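Below, each chain spelled out in residue letters.
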Amino acid sequence: MIRVLSAKAVALSAAFVFLFSDQVLAQNQKRADSLIQLFQQGITEDSLEIINLYDLVKSLSVPDQIIHYAEILRGKAISQKNNRYICLSDLNLGLAYRFKGELQISLEKLFESARCAEEEQNWSLLSQIYVEISATYTLNNDSRNAFLYSAKSIDFFRKSGNKRQLTMALVNAGYDYYVIDSLDKAFELYNEAEPIFKEIEFPLVEAYMIGNRALIYWKWGDYQRAEKDLFEAIETLESLGDQYGIADFYIQLGNIYLEQGQRKKAIEYTEKGLNIAIEIDLKEQIRDASKILFELYNDEGDLAKAVNYQTQYIAFKDSIQDQETTQRIADLRTEFEVGQKQVEVDLLSVQKRNQQLVSIGLSGILLLSGIFLIIIFRNYREKNRINKLLEAQANVLNTQKTELEQLNTTKDKFFSIISHDLRGPVSSFFGISAMIKMYVASEQTEDLIELAGDIDESVDRLSSLLDNLLNWAMQQQGQIPFNPRDLDVSDVVANIKNTLQNMADGKQIELITNVTPDVKVYADRNTTETILRNLTSNALKFTPENGKVELSAVPRGNEVLIAVSDTGVGIPKDKMATLFTLEEKKSTFGTKGEKGLGVGLQLVEEFTKLNGGHFDVVSEEGVGTTFSFTLPLYFEPSE
């Protein structure tokens, strides 16, 4: 997805920034080359007029070159007390630092430019700077501030009647909504901008809008429309010479082909985008392309290339590493270590066979030639000793290989548990963000104060959950910890309900509990909560708005039947057969684009068996699904 920034940012990366009337609307590298050539002919920076120097700055597309000449422009503007060009030089510096990945310095320069524009009472320029500030906050994963400054710019442009600037602001805001998975709102803003392009000629921005909207079609599963529109956007950008948007859209095509299983095309277009991104130093695009190529080559079994792209991805990633990525790189390293051990074992086996052949040959020579009896005997004894050493070393290496595989299996389970259990509570914050936007729009400040308390409680619960999961993981000694005891089912169900309530509220889903009072089970608390948390999170994910999810528990003989029922989309019959296998690696998206890890149900079934219970599922498409499991009933010891 590409953000509309300014012409300078369009010339710098696949996020676009617009400097409007004062900026060109696409790259003008030929103009920049012509001005730079003046210096090569003996003309110095000091002799260049400030207007020509600014013309050079806005025509450049390499961040380091922009910083160099923008600093010269700023110094000349200060010496001439020309506040307008001071503002513009700070704005260009902010853009260049952003595309170098130095977001803190970028924001400092952009806010300096904003203060300058405010002092000059240049409200049009100030609104343009707000677009850039919004873009920078978006790159820093700060959606709240991104929305704040984006909204300010849209309000100004709607009132001013400047349609060109309004289209840029609308596409920017659409990007922000896309980032938080509010796809319907993003689509609405793009549709508002589309008819304006029919009134004005603005091919560059229109191309980015078409490309961005194509990615929404992709998220909605319309691969054919997404592919068609992306190629249309790329064709326009190629005619305009915009390599930056082309790089990003090629990478997005790679993502789409990857999801469809067209690996050859995915590799082709992702590598095209990566080559362009490396050539013009687009860190965000290098990071995204490296991640896609890592997944592709890993699935192809080319571990060397996979590790190379994974290392490149981590090097360019400017945010906290997510648990899934950390787990995958650990898997690759373990696979390499196990593979290397196996090679050593095979080599030793070959050496052993060779030594045996030599021994047989020497024995034959011993029978044929008594003259060399002593020499042959000594050689045979030495070879026999070496064989024993090699056999002992091979046994040790086989033992180490087995231990590594066992540890790797246990590690996989812990990463899966932590990833799944953290996803539910974190997803609840999307519900809170939707409520905040609703309260802000309706100016319900009292409800916002009350919601702040809910946020504090959600953070406390998330922190507590993280502490418990980490402590649990640290206590393991090569196996899953299992400490069964008496558990109050009402207490466990209430804890899960509190943890995921905000996620339910965000989708306006009724989350209810129906538990027989004073019922206890004999089970391990951590694995039991993991089972119930995974099932409830999945139910919320696949239930549309205004639906219902119910957690119930009733005694049944010597066991307790616990169930999670929903009124969601249901499970297709063709997927029921492979629901509990590890063959399916692809995640399934929820009703609002929520993404899962794809291994949660395998953990649920395994943990149910570990606690002495059994697991079942009943589902009907379009009606809903009920997952149920049993746990042993706890009996008070008799005195």
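Residues numbered from 1 in each chain as written. Predicted model: local features only at pLDDT ≥ 70, side-chain atom pairs only at ≥ 80, totals over all residues. Heavy atoms only, no water.

1. Observations concerning the overall build of the protein
Helix and strand content of the protein: 23 helices and nine strands. Sequence separation of 24 or more characterises 68% of the internal contacts of the protein that already satisfy a separation of 6 or more. Total accessible area computed for the protein in this model is approximately 31000 Å², and 51% of it derives from carbon and sulfur atoms. (Helix = DSSP H or I, 4+ residues; strand = E, 2+ residues; numbered from the N terminus. Contact = heavy atoms within 4.5 Å. Areas by Shrake-Rupley, 256 points an atom, 1.4 Å probe, with all protein chains shown as cover.)

2. Description of helix α8 (residues 143-160)
Taking 1.5 Å as the rise per residue, α8 with 18 residues should run 26 Å; its terminal C-alpha atoms sit 26 Å apart, in good agreement. Among all positions in α8, only Asn-145, Ala-146, Phe-147, Tyr-149, Ser-150, Ser-153, Ile-154 and Phe-157 are buried. Buried-residue contacts for α8 involve α6 (103-119), α7 (123-139) and α9 (163-179). The first or second residue beyond α8 is Gly-161, which carries a positive phi of 80°. (Expected span 1.5 Å × (residues − 1). Buried < 20%, exposed > 50% of the residue type's maximum accessible area, 1.4 Å probe, protein only.)

3. Structural notes on the packing of helix α5 (residues 83-99) against α6
Relative to each other, α5 and α6 sit at 160°, their axes nearing to 8 Å. Relative to α6, the element α5 lies roughly antiparallel. At the point where α5 passes α6, the crossing takes the left-handed sense. Two secondary-structure elements touch here, α5 through Asn-83, Ile-86, Cys-87, Asp-90, Leu-91, Leu-93, Gly-94, Tyr-97 and Arg-98 and α6 through Leu-103, Ile-105, Ser-106, Lys-109, Leu-110, Glu-112, Ser-113, Cys-116 and Ala-117. Of the residues that constitute the contact of α5 with α6, the class distribution is 10 nonpolar, four polar and four charged. (Axes fitted to C-alpha atoms, helices over the stretch in contact; angles between N-to-C directions. Parallel < 35°, antiparallel > 145°, perpendicular 65-115°, else oblique. Left-handed = near helix turned anticlockwise from the far one by under 90°. Nonpolar A, V, L, I, M, F, W, Y, C, P; charged D, E, K, R; others polar.)

4. Quick notes on the environment of Ala-306
Among the structural elements, Ala-306 can be located in helix α16 (residues 303-316). Put simply, Ala-306 and Ile-292 are 14 residues apart on the chain and 9.7 Å apart in space, counted from C-alpha to C-alpha.

5. Concerning the confidence of the model for the protein
Low-pLDDT portions of the prediction should not be read for the details of their coordinates. When pLDDT is averaged along the protein, the result is 78, and 74% of the positions lie at 70 or above. Note that pLDDT drops below 50 for residues 5-27; the model gives that stretch 120 contacts with residues more than four away or on any other chain. Note that pLDDT drops below 50 for residues 582-586; the model gives that stretch seven contacts with residues more than four away or on any other chain. (pLDDT = per-residue confidence, 0-100.)

6. Describing a nonpolar patch on the surface
On the surface, Ile-371, Phe-372 and Ile-375 cluster together into a nonpolar patch covering about 340 Å² of accessible area. Tracing the backbone through its elements, the reader meets Ile-375 in helix α18 (residues 373-441). (Patch = residues over 30% accessible without salt bridge, like charges linked within 9 Å, V, L, I, M, F, W, Y side chains within 5 Å. Salt bridge = Lys/Arg side-chain N within 4 Å of Asp/Glu carboxyl O.)

7. Some remarks on the state of the cysteines
Tallied over the full model, the rule gives one disulfide. Here Cys-87 is linked by a disulfide to Cys-116, with a sulfur-sulfur distance of 1.9 Å. Between Cys-87 and Cys-116, the disulfide has an S-S torsion of -85° and is therefore left-handed. With Cys-87 in helix α5 and Cys-116 in helix α6, this pair connects stretches of sequence that are 29 residues apart. Grouping residues by exposure puts Cys-87 and Cys-116 together as buried. (Disulfide = S-S within 2.5 Å.)

8. With respect to the environment of Pro-63
Locating Pro-63 in the fold gives a position in helix α4 (residues 63-79). For Pro-63 and Asp-281, which are 218 residues apart along the polypeptide, the C-alpha to C-alpha distance reads 8.6 Å.

9. Re the packing of aromatic side chains
Pairs of aromatic rings are described using the distance from one ring centre to the other and the angle between the two planes. With the rule as written, the count across this model stands at 14 aromatic pairs. Judged by centre distance (6.1 Å) and plane angle (20°), the ring pair of Tyr-137 and Tyr-149 falls under stacked. In this pair, Tyr-137 sits in helix α7 while Tyr-149 sits in helix α8, placing the two residues 12 residues apart along the sequence. Judged by its relative accessible area of 13%, Tyr-137 is buried. Within the aromatic cluster, the residues linked to one another by ring pairs are Phe-111, Tyr-130, Tyr-137 and Tyr-149. The positively charged end of Lys-152 is found above the aromatic ring belonging to Tyr-130, 5.2 Å away from the centroid. (Phe/Tyr/Trp six-rings, centres within 6.5 Å; stacked < 30°, edge-to-face > 60°. Lys NZ or Arg CZ within 6 Å of the ring centre and 35° of its normal.)

10. Some points on the sheet that holds strand β8 (residues 615-620)
The five strands lie next to each other as β4-β6-β7-β9-β8, forming an open sheet whose pairing is mixed. Edge strands, defined here as strands with exactly one partner in the open sheet, are β4 (510-515) and β8. Strand-to-strand twist in this sheet, taken as the mean axis angle between neighbours without regard to direction, amounts to 15°. Bridge analysis of β8 against strand β9 (residues 624-632) gives six bridges, and the strand direction is antiparallel. If you follow Val-618 over to β9, its bridge partner there is Thr-626. Strands β4, β6 (548-556) and β7 (559-566) of the sheet are contacted by helix α20 (residues 489-506), whose axis makes an angle of about 175° with β4. (Pairing = 2+ DSSP bridges.)

11. Observations regarding helix α13 (residues 243-259)
Because an α-helix packs 3.6 residues into every turn, residues spaced three or four apart end up facing the same way. With 17 residues, α13 should reach 24 Å at 1.5 Å per residue; the first-to-last C-alpha distance of 25 Å fits that figure. The buried fraction of α13 is high, at 14 of 17 residues. Structurally, the start of α13 carries an N-cap: the backbone nitrogen of Tyr-244 is 3.0 Å from a side-chain oxygen of Asp-242. Where α13 terminates, the next one or two residues include Gly-261, which has phi positive at roughly 80°. (Polar contact = N/O pair within 3.5 Å; in protein donor to acceptor, adjacent residues only side chain to side chain.)

12. What about unusual backbone geometry?
Its identity is not glycine, yet Lys-81 carries a phi of approximately 55°, on the positive side. Structurally, the position occupied by Lys-81 is in the loop between α4 and α5. Overall, Lys-81 belongs to the exposed group, its relative accessible area being 72%. Phi at Asp-281 takes a positive value of approximately 60°, unusual for a residue other than glycine. Here Asp-281 is to be found in the loop between α14 (263-279) and α15 (283-300).

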